[in-house]
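# Chains, contacts and geometry: an overview
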Amino acid sequence: DQQVKQNSPSLSVQEGRISILNCDYTNSMFDYFLWYKKYPAEGPTFLISISSIKDKNEDGRFTVFLNKSAKHLSLHIVPSQPGDSAVYFCAASVKGGSEKLVFGKGTKLTVNP
Amino acid sequence: DVKVTQSSRYLVKRTGEKVFLECVQDMDHENMFWYRQDPGLGLRLIYFSYDVKMKEKGDIPEGYSVSREKKERFSLILESASTNQTSMYLCASSEGLRGPALTFGAGSRLTVL
């Protein structure tokens with residue numbers, strides 16, 4: 001049973017436009033959500049997170065939105081840049097515990113110049 | 001700059017060989033993790049450790065064991081490598097009480113022939 005789902009394996013966007021990456025979850029006990037970015041041949045790097053007590057968190061060009069009733073979160077990148085091309089993983093945890101971090105399968109974002 | 005270092009970036013082993021993957025972190029983190037990443041499957045947790053000499057099974061521990069003799073070092077062991085263990089292996093660490101953001105190493109690409 002996949003608790004964190006990223007239904008789009010890939011996404012292609014033009015430079016300067018908005019990239020929206022989506023993530024759905026099934027476990028209502030999840031209370032902390034994170035996005036990681038991964039370049040080929042490198043480990044994932046932490047990008048942005050959001051607690052379930054919030055519905056939005058912003059960090060520069062990156063904004064994460066959380067809709068608890070829909071069990072859905074999204075990552076917005078505005079404006080998209082070619083250097084944003086990477087695989088993005090959504091992850092969720094219960095009680096903020098890293099040992100319970102559950103990852104989605106990832107979405108490969110390609111930003112075209 | 002804080003780091004998680006995986007000793008081998010690329011390894012090629014034969015079926016039945018014993019394989020050691022080493023990971024060292026310099027952040028004095030309590031928690032350490034081993035994941036494997038496969039296309040279309042995302043990141044799957046193999047084992048984690050929340051203290052020296054302590055270990056817990058993740059989602060896919062079969063065929064693997066781990067060792068944590070020192071706080072900074074966490075080793076993944078494949079007792080008898082098989083071709084289905086060909087994968088990217090990612091080590092990560094996190095602080096115990098400050099949220100679940102993991103810091104990942106660069107990964108070890110293992111090919112079992």
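Everything that follows concerns the structure shown earlier in this document.
Structure report, in brief. (Residues numbered from 1 in each chain as written. Chains lettered and ligands numbered in written order. Predicted model: local features only at pLDDT ≥ 70, side-chain atom pairs only at ≥ 80, totals over all residues. Heavy atoms only, no water.)

### Side note on the overall build of chain B
Basically, it comes down to this: A run of H or I in DSSP becomes a helix once it reaches four residues, and a run of E becomes a strand once it reaches two; helices and strands are each numbered from the N terminus. Only C-alpha atoms enter the radius of gyration, while the globule expectation follows 2.2 Å times N to the 0.38, with N the number of residues. Accessibility here uses a 1.4 Å probe with only protein chains present; expressed as a share of the type maximum, an area under 20% marks a residue as buried, one over 50% as exposed, and anything in between as partly exposed. Counted charges follow a simple rule, with Lys and Arg positive, Asp and Glu negative, and His plus the chain ends left uncounted. A single reference atom marks each charge: NZ on Lys, CZ on Arg, CG on Asp, CD on Glu.
For chain B, the count of helices and strands is 0 helices and 11 strands. For chain B, the C-alpha radius of gyration of 13 Å lies close to 13 Å, the compact-globule estimate for 113 residues. The buried share of chain B, taken over its 113 residues, is 47%. One way to put it: in chain B the 16 positive side-chain charges average out to a point 5 Å from where the 15 negative ones average out.

### Remarks on the pattern of salt bridges
The line we're drawing: The term salt bridge refers to a side-chain nitrogen of Lys or Arg lying within 4 Å of a carboxyl oxygen of Asp or Glu.
Following the criterion strictly, the structure yields 7 salt bridges over all chains and no others. Among the ionic pairs, Lys56 of chain A bridges to Glu58 of chain A, the shortest N-O distance being 3.8 Å. Judged by its relative accessible area of 41%, Lys56 of chain A falls in the partly exposed class. The closest approach of N and O atoms between Lys53 of chain B and Glu69 of chain B, which form a salt bridge, is 2.4 Å.

### Topic: the nonpolar core
Residues and elements named next belong to chain A. Stated precisely, the cut-off is as follows: In plain words, nonpolar cores are sets of buried Ala, Val, Leu, Ile, Met, Phe, Trp, Tyr and Cys residues tied together by side-chain atoms within 4.5 Å. Contact criterion: two residues are considered in contact whenever any of their non-hydrogen atoms come within 4.5 Å of each other.
Phe33, Trp35, Leu73, Leu75 and Tyr88 are the most contacted members of the largest nonpolar core, which has 23 residues in total. Those elements giving two or more residues to this core turn out to be β3 (19–25), β4 (30–38), β5 (45–51), β7 (62–67), β8 (72–77), β9 (86–94) and β11 (107–112). Per-element tally for this core: the top contributor is β9, with 4 residues. Excluding its chain neighbours within four sequence positions, the residues that come into contact with Phe33 are Tyr25, Ile48, Ser49, Ile50, Leu66, Leu73, Ala91 and Ala92.

### Overview of the state of the cysteines
Where we set the bar: Defined by distance alone, a disulfide is two cysteine sulfur atoms within 2.5 Å.
Inspection of the entire model under this criterion finds 2 disulfides over all chains. Between the sulfur of Cys23 of chain A and that of Cys90 of chain A lies a disulfide, 2.1 Å long from S to S. As the torsion about the S-S bond is roughly -75°, the Cys23 of chain A-Cys90 of chain A disulfide counts as left-handed. In this pair, Cys23 of chain A is assigned in strand β3 and Cys90 of chain A in strand β9, connecting sequence segments 67 residues apart. Judged by relative accessible area, Cys23 of chain A falls into the buried class, the value being 0%. Two residues, Cys23 of chain B and Cys91 of chain B, share a disulfide whose sulfurs are 1.9 Å apart. Note on the Cys23 of chain B and Cys91 of chain B pair: the S-S dihedral is about -75°, so by sign convention the disulfide is left-handed.

### Describing the interface of chain B and chain A
This is how the line gets drawn: Two parts lose some accessible area (1.4 Å probe) when they are put together, and adding that loss for both gives the buried area. Counted as a polar contact is a pair of N or O atoms within 3.5 Å, where, for protein atoms, one must be capable of donating a hydrogen and the other of accepting one, and residues adjacent in sequence contribute only when both atoms are in side chains.
Tallying the contact residues gives 21 residues for chain B and 19 residues for chain A. Buried surface at the junction of chain B and chain A, summed over both partners, amounts to about 1500 Å²; 65% is from carbon and sulfur atoms. At the boundary of chain B and chain A, one finds 0 salt bridges. Counting the contacts that link chain B with chain A gives 5 residue pairs in polar contact (both at pLDDT 80 or more). Mapped onto the side of chain B that touches chain A, the elements with two or more residues apiece are β4 (31–38), β5 (42–49) and β9 (87–94) of chain B.

### Quick notes on the sheet that holds β3 of chain A
Residue and element names in this part refer to chain A. The test is simple: A pair of strands is considered paired only if DSSP assigns at least 2 bridges between the two.
Taken together, the 5 strands give an open sheet; going across it, the order is β1-β3-β8-β7-β6, and neighbouring strands pair in antiparallel fashion. The two strands at the open ends of the sheet, each matched to only one other strand, are β1 (4–5) and β6 (56–59). In this structure, β3 lies alongside β8, joined through 6 bridges in antiparallel fashion. Counterpart to Asp24 in the pairing with β8 is His72.

### A short note on the packing of aromatic side chains
Where we set the bar: Each Phe, Tyr or Trp ring (for Trp, its six-membered ring) is paired with any other whose centre lies within 6.5 Å, and the angle between the two planes then decides the class: stacked below 30 degrees, edge-to-face above 60, tilted in between.
The tally for this structure, following the rule as stated, stands at 12 aromatic pairs over all chains. An aromatic cluster is built from Tyr36, Phe46 and Phe103 of chain A together with Phe33, Tyr35, Phe48 and Phe104 of chain B, whose rings are joined through pairwise contacts.

### Some remarks on the sheet that holds strand β3 (residues 19–25) of chain B
Residue and element names in this part refer to chain B. Rules: To get an axis, a line is fitted to the C-alpha atoms, and for a helix only the part in contact is used. The angle between two axes follows their N-to-C directions and goes from 0 to 180 degrees.
Pairing in this open sheet of 4 strands is antiparallel, and the strands run β1-β3-β8-β7 from one edge to the other. Strands with a single pairing partner mark the edges of an open sheet, and in this sheet they are β1 (4–6) and β7 (65–70). Pairs of neighbouring strands in the sheet enclose a mean axial angle of 20°, with direction left out of account. Across 6 bridges, the pairing between β3 and strand β8 (residues 73–78) is antiparallel. Bridge pairing in β8 links Phe20 to Ile77.

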